[in-house]
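# Remarks on the overall topology
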Amino acid sequence: MYILLALIGACVLGIAAHYVIGGRELRGVAVTPAIATALAAAIYTGMQWLGVGEDSIWLWLASVLGSVVIAAAATAALVAVRRRSDASARAALGI
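Residues numbered from 1 in each chain as written. Predicted model: local features only at pLDDT ≥ 70, side-chain atom pairs only at ≥ 80, totals over all residues. Heavy atoms only, no water.

A word on a nonpolar patch on the surface. A cluster of nonpolar side chains, contributed by Leu 13, Ile 57, Trp 58, Leu 61 and Leu 65, occupies part of the molecular surface with about 490 Å² of accessible area. Looking at the nonpolar patch, the element that brings in the most residues is helix 3 (residues 57-93), giving four residues. As for its placement among the helices and strands, Leu 61 is situated in helix 3. (Patch = residues over 30% accessible without salt bridge, like charges linked within 9 Å, V, L, I, M, F, W, Y side chains within 5 Å. Areas by Shrake-Rupley, 256 points an atom, 1.4 Å probe, with all protein chains shown as cover. Salt bridge = Lys/Arg side-chain N within 4 Å of Asp/Glu carboxyl O. Helix = DSSP H or I, 4+ residues; strand = E, 2+ residues; numbered from the N terminus.)

See below:
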């Protein structure tokens, strides 16, 4: 049941990260929160299987904050790829 707290926390911080990272017009509004939430679920579950207890701060830091950091990096990479792709498409079209 505690996994829901981690997922909600990661989703909320993912929403905040969406608005902090530039290039919002180049990606969907749900990309960053979705990545953060999916990573939080995977990290939380994996650490539970490894025997880390729910009372461990490392479980919460890794699943909530770690997933948001990774999601923010993935979002920044996605924006950079999209900008390069759009620039090459414009050049090919002569715009």
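Picking up where we left off.
Look at helix 1 (residues 3-20): 25 Å from first C-alpha to last across 18 residues, which is about the 26 Å you get at 1.5 Å a residue. Taken residue by residue, helix 1 has Ala 6, Leu 7, Ala 10, Gly 14, Ala 17 and His 18 as its buried positions. Each buried residue of helix 1 sits inside an arc of 105 degrees when the element is viewed along its axis, so together they form one side. Residues Leu 5, Ile 8, Val 12 and Val 20 are exposed on helix 1 and point more than 90 degrees away from its buried face. Contacts made by the buried residues of helix 1 are with helix 2 (31-49) and helix 3. (Expected span 1.5 Å × (residues − 1). Buried < 20%, exposed > 50% of the residue type's maximum accessible area, 1.4 Å probe, protein only. Arc of directions from axis to C-beta. Contact = heavy atoms within 4.5 Å.)

The subject of this paragraph is the packing of helix 1 against helix 2. At their nearest, the axes of helix 1 and helix 2 sit 8 Å apart, and the two run at 150 degrees to each other. Considering the angle they form, helix 1 stands roughly antiparallel to helix 2. Crossing of helix 1 over helix 2 shows right-handed handedness. For the pair helix 1 and helix 2, contact is made by Ile 3, Ala 6, Leu 7, Ala 10, Cys 11, Gly 14, Ile 15, Ala 17 and His 18 and by Thr 32, Pro 33, Ala 36, Thr 37, Ala 40, Ala 41, Tyr 44 and Thr 45, respectively. (Axes fitted to C-alpha atoms, helices over the stretch in contact; angles between N-to-C directions. Parallel < 35°, antiparallel > 145°, perpendicular 65-115°, else oblique. Left-handed = near helix turned anticlockwise from the far one by under 90°.)

Turning our attention to the nonpolar core. Grouped together as the largest cluster of nonpolar side chains are seven residues: Leu 7, Ala 10, Ala 17, Ala 36, Ala 40, Val 68 and Ala 71. Among the secondary structure elements, those contributing two or more residues to this core are helix 1, helix 2 and helix 3. A per-element tally of this core places helix 1 first, with three residues. With near-sequence residues (within four places) excluded, Ala 40 lies in contact with Ala 6, Leu 7, Ala 10, Ser 63 and Ser 67. Judged by nonpolar contacts, the second largest core, of five residues, contains Tyr 44, Met 47, Leu 59 and Val 64. (Core = buried A, V, L, I, M, F, W, Y, C linked by side-chain atoms within 4.5 Å.)

Glancing now at the packing of aromatic side chains. Across all of its chains, the model carries two aromatic pairs by this definition. With centroids separated by 6.5 Å and ring planes inclined at 90 degrees, the aromatic side chains of Tyr 2 and Trp 60 adopt a geometry described as edge-to-face. Of this pair, Tyr 2 sits in the segment before helix 1 while Trp 60 sits in helix 3, and the two are 58 residues apart along the sequence. Measuring from centroid to centroid gives 5.6 Å for Tyr 44 and Trp 60, while their planes differ by 65 degrees, and the two rings are edge-to-face. With Tyr 44 in helix 2 and Trp 60 in helix 3, this residue pair connects regions lying 16 residues apart in the sequence. Look at Tyr 44 and you get buried, because its relative accessible area is 4%. Here the aromatic residues Tyr 2, Tyr 44 and Trp 60 are joined through ring pairs into a cluster of three or more. (Phe/Tyr/Trp six-rings, centres within 6.5 Å; stacked < 30°, edge-to-face > 60°.)

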